[in-house]
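Reading the structure
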Amino acid sequence: CTPPFQTTLVDYLRPINVKVNRNTTAKGYCAVFTCATTMAVHLTCVPYLSTQAFLQALDHFISIRGAPATMISDNGTCFRGAHKTINELNLKLDRTDLREHCNRFRVQWKFGPPCGPHHQGAVERMVQEVKKAMRHLVKADRLSFPEWETILCQISSLINSCPVTAIIIFTT
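Below you will find a few notes about this structure. (Residues numbered from 1 in each chain as written. Predicted model: local features only at pLDDT ≥ 70, side-chain atom pairs only at ≥ 80, totals over all residues. Heavy atoms only, no water.)

Structural notes on the side chain of Thr-44
The test is simple: Per the convention used, a helix needs a DSSP run of H or I reaching at least four residues, while a strand needs a run of E reaching at least two, with both numbered from the N terminus. Side-chain atoms alone can form a polar contact between residues adjacent in sequence; in general such a contact is a pair of N or O atoms within 3.5 Å, and within protein one must be able to donate a hydrogen while the other accepts it. We call two residues in contact whenever any of their non-hydrogen atoms come within 4.5 Å of each other.
With respect to the element layout, Thr-44 can be found in strand β4 (residues 41–46). In this structure the side chain of Thr-44 is engaged in a polar contact, spanning 3.2 Å, whose partner is the side chain of His-42. Within the local environment of Thr-44, its side chain forms a polar contact with the side chain of His-60, the two groups lying 3.5 Å apart. Excluding residues within four positions of it along the chain, Thr-44 makes contact with Tyr-29, Cys-30, Ala-31, Phe-33, Ala-57, His-60, Glu-149 and Leu-152.

Quick look at the structure:
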């Protein structure tokens, strides 16, 4: 039995409105990390669709859930850029102690076919579940990043509390 999130699927939600200050809003995004084995989710709020922002979200994910052996994503530019950056980091590490310390970035990355997001069915299903939970939990139109982080933690907890299989109760 493999530990959770050893094979992780990743995708983004549609943009969400984030309150920056009293009269200003900005776009924010939610990175959805899905375990391919248990269908557990990890949600992280991301301020931009950039490689650097995704790498920070990935670092946040790794620090909580541990490093996955395999990441599977669609062909988004931020995912391609993250794959390239991680490979460059691995090439630049010469000293063995530093390489062992940064071993968490040893991720094998697989990409779905171009123009085929439907090939990532498991993560797309979790994206739909997150959207459904957001419709029920989020009553305000504009939330700040800390408020979004709280909502996303609640949604993760809600989704992850569902049993993976049917629960059989034995009676005597």
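From this point, the discussion proceeds with the structure in view.
Points about unusual backbone geometry
The criterion, for reference: Any residue under 20% of the maximum accessible area for its type is buried, any over 50% is exposed, and the rest in between are partly exposed; the area is computed with a 1.4 Å probe on protein chains only.
Despite not being glycine, Phe-5 shows a phi value in the positive range, around 65 degrees. By secondary structure assignment, the location of Phe-5 is in the segment before β1 (7–12). The phi dihedral of Met-39 falls on the positive side, at around 65 degrees, and the residue is not glycine. By the secondary structure assignment, Met-39 is in the loop between β3 (25–35) and β4. On the basis of relative accessible area, Met-39 is assigned to the partly exposed category, the value being 29%.

Focus: the environment of His-83
The residue His-83 is located in helix α2 (residues 77–92) in this model. A relative accessible area of 24% places His-83 in the partly exposed class. As a C-alpha pair, His-83 and Gln-108 span 25 residues in sequence and 8.7 Å in three-dimensional space.

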